[in-house]
Amino acid sequence: MAQMKLKEIFKVQNVHKAFYTGGEVDWTSDGSEILCQCGSNIQILNVENGTISYTIGQELANDEEEDLILTFCLNNDDEKVVTVHKSGLFKEWNLKEKKIVKMWKSIHKGPVACLSLANDSMLLASGGSDSSVRVWDMAHHACTHNLIGIQGVVSVLVFHENSKGETQVFAAADDTTIKVWDLKSSEVVMTFPGHYSTVTGIGFHPGNKHFISCSRDKVIILWDLEEGKQLFTIPVYESLESLVMLPEKISIPGHERLKGGVYVAVAGEKGIISIWDALHKTKLFSQTQSKVVGSEDGCLAVTKLLFNSTKKLIAVVSADHNIILNELDTMSPAKQFVGFSDEILDIAYVGPKESHIAVATNSQDIKLYNASNMSCQLLQGHNDFVVTLSTSLANPCLLASGSKDKSIRLWLLMEGRSQCVAVGTRHTASVSSIVLSQLTTSFIVSASEDTTLKLWNLPKNFDLDAEEDLNTKFTVIAHEKDINSVCVSPNDKLIATGSLDKTAKIWSSADLSLVGVFKGHRRGVWKVCFSPVDQV
């Protein structure tokens, strides 16, 4: 009999890599592309299909050290990008031609924290950690101004043209005071004290009469730009990380055709978008079903908000490196992108013809990718890291998940969207492995660090309006130590488990009675699996 030749080399068909690892994010004015900071590069994300259109940045040689990007800025015409690097180099890029135009050395005494380009792109402002703001002539790439008067690391930096047509620079640093410089005299012409923690955002009203600032001191402040004074301080009861100004006429959930106010969207540690009319000190909207998990210990949840007037979308950038696009009119998610997944713990195909890929990472959310374009949906429900996933040949639209929060969940994929339909909460320790029955979707088997093996009955029909509570049919103490792996035979009659106690065991799915014990491993058993073709 001729020996079967096995395939040993596989060609990569497609790769989905990290495109955002933290830092700055910007959006082109037409809404078609999002620029994401990723190490020593900027990845340009195509919003339509969720793929990386191209990359600008450093092409590393074998022995070359990576020169990380500290921050970057994009001009209003979407043609020019300026990056500043760990080495102290500034680089000007032509975005259309994807090449460097000019490089020059920073003269800040320390890292640069913020960059801002003027409306005509002829001036660049850089805010450092040396209590100074420097202004650069982009025609000659020379420093023309050294603006002093702030203390600490610059947190906010922006150019603004006042009602007289004069270009001014607004900045705030660790001293929590917003200061304004006139570029003709290089002197501070206005000072706006009022915040008591780091200022994280500044936005200007289109009428050029007011501007708004937000801070980690849990307030937003409306300022009179002409008279240089504080008008209102509005408590929001959460530490804020970003704000975006909204148009003078907007429609949002619960309010149609609003006008006559100063409208601003803010987000911070709660992970939700709130919309305020700062002129009338009124909260107009607060998100109830956010895709960003709020922080309970004062850590970051949302790092930045972006608004695109062309698409009428608000982008939320989360601390988990996710980018969620929300429609302004309905505040419902339009698209979701996962910039960085960290360690991948488990992966499974879901849907007819393997249309989707479910990924469990160091997160309490499951990432559900569309295999055709890698657009992503976040499945939320677990309260701790999801560590195990399983699907069934009998119904590929079902996905089971197990988490460190001691629970299992069952998800149903319908018309490209997935929702949780059932929950089981009988384990007393982290769920380490889970498997769905293969011949029929009649039961789930879960294993846990509490050394128990549980068999759960599944309902024949699911209520899409409520999460059903799953009940265990059988429970046994299966091993002496943590159970690492569980699987079901193709005919659903047998269950196999592997444990840190160096044994593998076979169980009957009819009543979880022990059928056999396999001994011989010198260390813990990490994986067990039945053959998909041989009869058992």
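Undergrad: Break down the overall build of the chain for me, with residues and values.
TA: Within the chain one finds zero helices and 47 strands. Projected onto the principal axes, the alpha-carbon positions of the chain cover approximately 85 × 55 × 40 Å. Buried residues in the chain amount to 53% of all 536 residues. In the chain, 42% of the contacts between residues at least 6 apart in sequence involve partners at least 24 apart.

Undergrad: Could you give an account of the environment of T55, naming the residues involved and the relevant values?
TA: By the secondary structure assignment, T55 is in strand 4 (residues 52–57). With 409 residues separating them along the chain, T55 and L464 place their C-alpha atoms 42 Å apart. Contacts of T55, omitting those with residues within four sequence positions, involve N41, I42 and Q43. For T55, the side chain forms a polar contact with the side chain of Q43, separated by 2.5 Å.

Undergrad: Outline the packing of aromatic side chains, supporting the account with residue identities and numerical values.
TA: Enumeration over the complete set of coordinates arrives at nine aromatic pairs. Considering the side-chain rings of F90 and W104, the 5.3 Å spacing of their centres and the 5° angle between planes classify their relative orientation as stacked. Linking F90 in strand 7 (residues 89–94) with W104 in strand 8 (residues 99–105), this pair joins segments that are 14 residues apart in sequence. Here the guanidinium or amino end of K98 rests over the ring plane of Y54, the centre of that ring lying 4.4 Å away.

Undergrad: Give a detailed account of the side chain of S508, specifying residues and quantitative values.
TA: Inspection of the secondary structure puts S508 in strand 46 (residues 504–508). Since its relative accessible area comes to 16%, S508 is described here as buried. Excluding anything up to four places from it in sequence, S508 contacts K493, L494, S513 and V515.

Undergrad: Can you tell me about the domain arrangement of the chain, naming the residues and giving the values?
TA: Partitioning the chain into structural domains gives domain 1 (219–340) and domain 2 (344–519). Placing the centre of domain 1 and that of domain 2 at their C-alpha centroids yields a distance of 37 Å. Taken residue by residue, the interface counts seven residues in domain 1 and ten residues in domain 2. Contact with domain 2 buries surface across domain 1, with K291, Q336 and V338 losing the most and accounting together for 63% of the total. Joining domain 1 to domain 2, the criterion identifies zero salt bridges. There are three residue pairs in polar contact (both at pLDDT 80 or more) connecting domain 1 and domain 2.

Undergrad: Kindly report on the nonpolar core, identifying the contributing residues and their values.
TA: Within the largest apolar cluster, 29 residues are counted, with the highest numbers of intra-cluster contacts made by I366, L389, L399, L410 and I444. Of all the secondary-structure elements, those providing two or more residues to this core are strand 31 (344–350), strand 32 (356–361), strand 33 (366–370), strand 35 (386–391), strand 36 (398–403), strand 37 (408–414), strand 38 (417–424) and strand 39 (431–436). Among the nonpolar cores identified, the runner-up in size contains 21 residues, and L246, I252, I275 and I314 belong to it.

Undergrad: Outline unusual backbone geometry, supporting the account with residue identities and numerical values.
TA: Positive phi, normally seen in glycine, also occurs at K502, with a value near 75°. Tracing the sequence through the fold places K502 in the loop between strand 45 (494–499) and strand 46. The residue L512 is not glycine, and still its phi comes out positive at about 60°. Within the fold, L512 resides in the loop between strand 46 and strand 47 (514–518). The buried category is assigned to L512, whose relative accessible area is 2%.

Undergrad: Give me the lowdown on the sheet that holds strand 2 (residues 33–38), citing residues and values where you can.
TA: In a beta sheet, neighbouring strands are held together by backbone hydrogen bonds and run either parallel or antiparallel to one another. Across the sheet, which stays open at both edges, the four strands sit in the order 1-2-3-4 with antiparallel pairing between neighbours. Every interior strand has two partners, whereas the edge strands, strand 1 (25–27) and strand 4, have only one. Taken over all neighbouring pairs, the strand axes of this sheet differ in orientation by 20° on average, direction set aside. By the bridge criterion, five bridges tie strand 3 (residues 41–46) to strand 4 in an arrangement that is antiparallel. Within the sheet, the bridge partner assigned to L45 lies in strand 4 and is I52.

Undergrad: Go over the pattern of salt bridges, please, and point to the residues and values.
TA: Where charged atoms of side chains with opposite charge meet at close range, the side chains can pair. Enumeration over the complete set of coordinates arrives at seven salt bridges. Here E24 makes a salt bridge to K304, at a shortest N to O gap of 2.2 Å. Here the residue E24 occupies a position in the segment before strand 1, and K304 occupies one in strand 27 (residues 302–308), the gap between them amounting to 280 residues. Across the salt bridge formed by K229 and E227, the nearest N and O atoms sit 3.2 Å from each other. Residue class for K229 comes out partly exposed when judged on its relative accessible area of 41%. For E227, a relative accessible area of 55% translates into the label exposed.

Undergrad: Please give an account of the environment of S318 that cites residues and values.
TA: Topologically, S318 is positioned in strand 28 (residues 313–318). Measuring from C-alpha to C-alpha, the distance between S318 and A173 comes to 23 Å, with 145 residues separating the pair along the chain.

Undergrad: So what about the pairing of strand 11 (residues 132–137)? Which residues, and what values?
TA: With six of six residues buried, strand 11 lies mostly within the body of the structure. Alternating residues of strand 11 divide into S132, R134 and W136 and V133, V135 and D137, and every residue in both groups is buried. Here strand 10 (residues 123–128) pairs with strand 11 via five bridges, running antiparallel. Residue pairing for strand 11: S126 is matched across the bridge by R134. With six bridges joining them, strand 11 and strand 12 (residues 142–148) adopt antiparallel strand pairing. Within the sheet, the bridge partner assigned to W136 lies in strand 12 and is C143. The antiparallel pairing of strand 11 with strand 12 creates a hairpin that spans four residues between the two strands, and H141 there sits at a positive phi of about 55°.

Basis of the calculations
- Residues numbered from 1 in each chain as written.
- Predicted model: local features only at pLDDT ≥ 70, side-chain atom pairs only at ≥ 80, totals over all residues.
- Heavy atoms only, no water.
- Helix = DSSP H or I, 4+ residues; strand = E, 2+ residues; numbered from the N terminus.
- Buried < 20%, exposed > 50% of the residue type's maximum accessible area, 1.4 Å probe, protein only.
- Contact = heavy atoms within 4.5 Å.
- Polar contact = N/O pair within 3.5 Å; in protein donor to acceptor, adjacent residues only side chain to side chain.
- Phe/Tyr/Trp six-rings, centres within 6.5 Å; stacked < 30°, edge-to-face > 60°.
- Lys NZ or Arg CZ within 6 Å of the ring centre and 35° of its normal.
- Domains from an automatic or database assignment.
- Buried area = accessible area lost by both parts, 1.4 Å probe.
- Salt bridge = Lys/Arg side-chain N within 4 Å of Asp/Glu carboxyl O.
- Core = buried A, V, L, I, M, F, W, Y, C linked by side-chain atoms within 4.5 Å.
- Pairing = 2+ DSSP bridges.
- Axes fitted to C-alpha atoms, helices over the stretch in contact; angles between N-to-C directions.

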